[in-house]
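Residue strings, one per chain:
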Amino acid sequence: MPVKSHSARQPASVPALACSSDIKLSTIGARAWLVEAPGGFDLPAQRRIWSLARLLHADEAIEALIPGVTNLLVLFRHIPADETAIRMQLHAAWDQAQAISPQGKLIEIPVHYGGEHATDLEAVCRHTGLSPREVVRLHHQSEYTVFALGSAPGFGYLHGLDPLLATPRKKVPSLSMLKGTVTIGGAQAGVSALTGPNGWNAIGFAELAVFDPLAASPALMAPGDRIRFLPQRIEL
């Protein structure tokens, strides 16, 4: 499989119930609380979210912890009797959380940039004012961090895209984008996990499966992993 991995160092809008200068807390149903980190889409905030999840992991009242992009969904086993106490608990845990860097792996992904699958490369060029070659260069020169998995099985939200490449998601999605398509969505990069509708901007293609349900570890990526895109072929 054209992917080289080796060891290395190391949700929808909901009504807010409480917020402070530190975190924003919202409920999703009766048992789930969403903790949103302050600030923007950045690595320090994500590292602190990972730390918060680690701190809360030992709490037997919590059934599941689902890290998202600079947020954490906390699912309790039972409906909390005292919402004020839950708010205080989550704020206190956030105050204790110190940014951590998970011991992730480095994944190197060969990419065919341009060509028939790069259906949105021209649109990215128009939006950014960059040439196709500049888009490819800036994209593969960055190193990315997997913030979270979601949207589709195995799909990784990748932080590290050069700000010059940030391009809004398409207003009209592609109806059948192939799995393995290398994409840009706003300030994030990704590799499509399934063939189907997709609103991200396609700039290349990688011959790999980011999710294999029959594998020992079905998802290729995990939060904290680092991603490098290697130009295997450039067709502009």
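A. Quick look at the packing of aromatic side chains. Counted according to the given criterion, the structure contains six aromatic pairs. Seen in terms of ring centroids, F155 and Y157 are 5.0 Å apart; in terms of plane orientation they differ by 90°. Their pairing is edge-to-face. You'll find F155 and Y157 in the same group, each marked buried. In textbook terms, an aromatic cluster arises when at least three aromatic residues are bridged by ring pairs, as seen for F41, W50 and F147.

B. Quick look at unusual backbone geometry. For T70, which is not a glycine, the phi torsion comes out positive at approximately 55°. Among the structural elements, T70 can be located in the loop between β5 (62-67) and β6 (71-76). Notably, S151 is not glycine yet its phi reads approximately 70°, a positive angle. Classification of S151 as exposed rests on a relative accessible area of 70%.

Parameters and conventions
Residues numbered from 1 in each chain as written. Predicted model: local features only at pLDDT ≥ 70, side-chain atom pairs only at ≥ 80, totals over all residues. Heavy atoms only, no water. Phe/Tyr/Trp six-rings, centres within 6.5 Å; stacked < 30°, edge-to-face > 60°. Buried < 20%, exposed > 50% of the residue type's maximum accessible area, 1.4 Å probe, protein only. Helix = DSSP H or I, 4+ residues; strand = E, 2+ residues; numbered from the N terminus.

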